[in-house]
Amino acid sequence: MPFSSANKGIPWVQLPEINEMNWGIHEGKSYAMWMEQPYKEAITDWQSGRYETRLENGESAAELAARMELFMQWLENREESTILVCSHGRAMRCMMTYFFGLPVSEMEKFSHKNTGLYQFLKDQNGFNSILMNDISHLNSDNGFPF
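Not measured: the values here are computed from a predicted model. (Residues numbered from 1 in each chain as written. Predicted model: local features only at pLDDT ≥ 70, side-chain atom pairs only at ≥ 80, totals over all residues. Heavy atoms only, no water.)

1. Thoughts on the packing of aromatic side chains
- According to the stated counting rule, one finds 7 aromatic pairs in the structure shown.
- Seen from their ring centres, phenylalanine 100 and phenylalanine 120 are 5.8 Å apart, and the 70° between their planes marks the pair as edge-to-face. Within this pair, whereas phenylalanine 100 is found in the loop between helix H3 (89-99) and strand E3 (117-123), its partner phenylalanine 120 is found in strand E3, the two being separated by 20 residues in sequence.
- A relative accessible area of 36% means that phenylalanine 100 is categorised as partly exposed.
- Aromatic ring contacts, followed pair by pair, group Phe99, Phe100, Phe110, Phe120 and Phe127 into a single cluster. (Phe/Tyr/Trp six-rings, centres within 6.5 Å; stacked < 30°, edge-to-face > 60°. Helix = DSSP H or I, 4+ residues; strand = E, 2+ residues; numbered from the N terminus. Buried < 20%, exposed > 50% of the residue type's maximum accessible area, 1.4 Å probe, protein only.)

Structure follows, in structure tokens:
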């Protein structure tokens, strides 16, 4: 976990625990109809607590949750007052279950849009949600060139 310096001198670290879920034979492919049914079946299994289900050659929800638990332990022990976490859709959904103290079977309760922002404050009682899946920064009226 070596720390490095980004372009603006901000320390950063890359952690494999928050990598996106491995989708197996679906990984890196554009959507195709044949992908939908196995995906829906996996989601249904996870919602029913069958976390070992996986897409062919992919990662299970149990494996994702184990990685996320390690990340949450790392995060809870940080001393910094502000931490930016960048991750991906399914990993973010799993992360949200930890922030809210929910079982992994509840991942589907959390929608996630690309570049959606979440903000939490940590206190003696844990993490408190301030912002959920906000994409207002994508509005061209905010002064961004896109």
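Once the structure has been displayed, the description carries forward.
2. A closer look at a nonpolar patch on the surface
- Where nonpolar side chains cluster on the molecular surface, the patch consists of Phe100, Leu102 and Met132 and spans about 230 Å² of accessible area.
- With respect to the helices and strands, leucine 102 occurs in the loop between H3 and E3.
- Classification of leucine 102 by relative accessible area gives partly exposed; the value is 33%. (Patch = residues over 30% accessible without salt bridge, like charges linked within 9 Å, V, L, I, M, F, W, Y side chains within 5 Å. Areas by Shrake-Rupley, 256 points an atom, 1.4 Å probe, with all protein chains shown as cover. Salt bridge = Lys/Arg side-chain N within 4 Å of Asp/Glu carboxyl O.)

3. Concerning the pattern of salt bridges
- Following the criterion strictly, the structure yields 8 salt bridges and no others.
- The partner of glutamate 106 in a salt bridge is lysine 109, with the nearest N and O atoms 2.9 Å apart.
- Using a relative accessible area of 60% as the deciding quantity, one classes lysine 109 as exposed.
- When salt bridges that share partners are traced, they join Arg90, Arg93 and Glu108 into one network.

4. With respect to the environment of asparagine 114
- Here asparagine 114 lies in the loop between H3 and E3.
- Note: C-alpha distance between asparagine 114 and aspartate 134 (20 residues apart in sequence) is 9.9 Å.
- In contact with asparagine 114, not counting residues within four places along its chain, are Ile135 and Leu138. (Contact = heavy atoms within 4.5 Å.)

5. Quick word on the pairing of E3
- Strand direction decides the pairing type here: E3 and strand E4 (residues 126-134), joined by 6 bridges, are antiparallel. Looking across to E4, one finds that leucine 121 is bridged to asparagine 128.
- Between the end of E3 and the start of E4, which pair antiparallel, lie 2 residues. (Pairing = 2+ DSSP bridges.)

6. So, the layout of surface pockets
- Of the volumes computed, that of the largest pocket is approximately 770 Å³.
- Forming the boundary of the largest pocket are 27 residues, of which Ile83, Leu84, Val85, Tyr118 and Gln119 lie nearest the centre.
- Going through the elements one at a time, H3 and E3 are the ones with two or more residues in the lining of the largest pocket.
- Pro11, Trp12, Val13, Leu84 and Val85 are, among the 21 residues lining the second largest pocket, the residues nearest its centre.
- Only strand E2 (11-12) and helix H2 (61-76) provide two or more residues apiece to the lining of the second largest pocket.
- Of the residues that constitute the lining of the second largest pocket, the class distribution is 14 nonpolar, 5 polar and 2 charged. (1 Å grid on protein atoms, 1.4 Å probe; cavity = no way out; pocket = protein on both sides within 12 Å on 5 of 7 lines; lining within 4 Å. Points joined across faces, edges and corners; volume = space filled by probe spheres on them. Nonpolar A, V, L, I, M, F, W, Y, C, P; charged D, E, K, R; others polar.)

7. Some words on unusual backbone geometry
- Its identity as a non-glycine residue notwithstanding, threonine 115 has a phi of 65°, on the positive side.
- Mapped onto the elements of the fold, threonine 115 is located in the loop between H3 and E3.
- Residue threonine 115 is classed as partly exposed on the basis of its relative accessible area, which comes to 47%.
- Phi at asparagine 133 is positive, roughly 50°, even though this residue is not glycine.
- By the element assignment, asparagine 133 lies in strand E4.
- A relative accessible area of 12% places asparagine 133 in the buried class.

Structural measurements only, silent on function.
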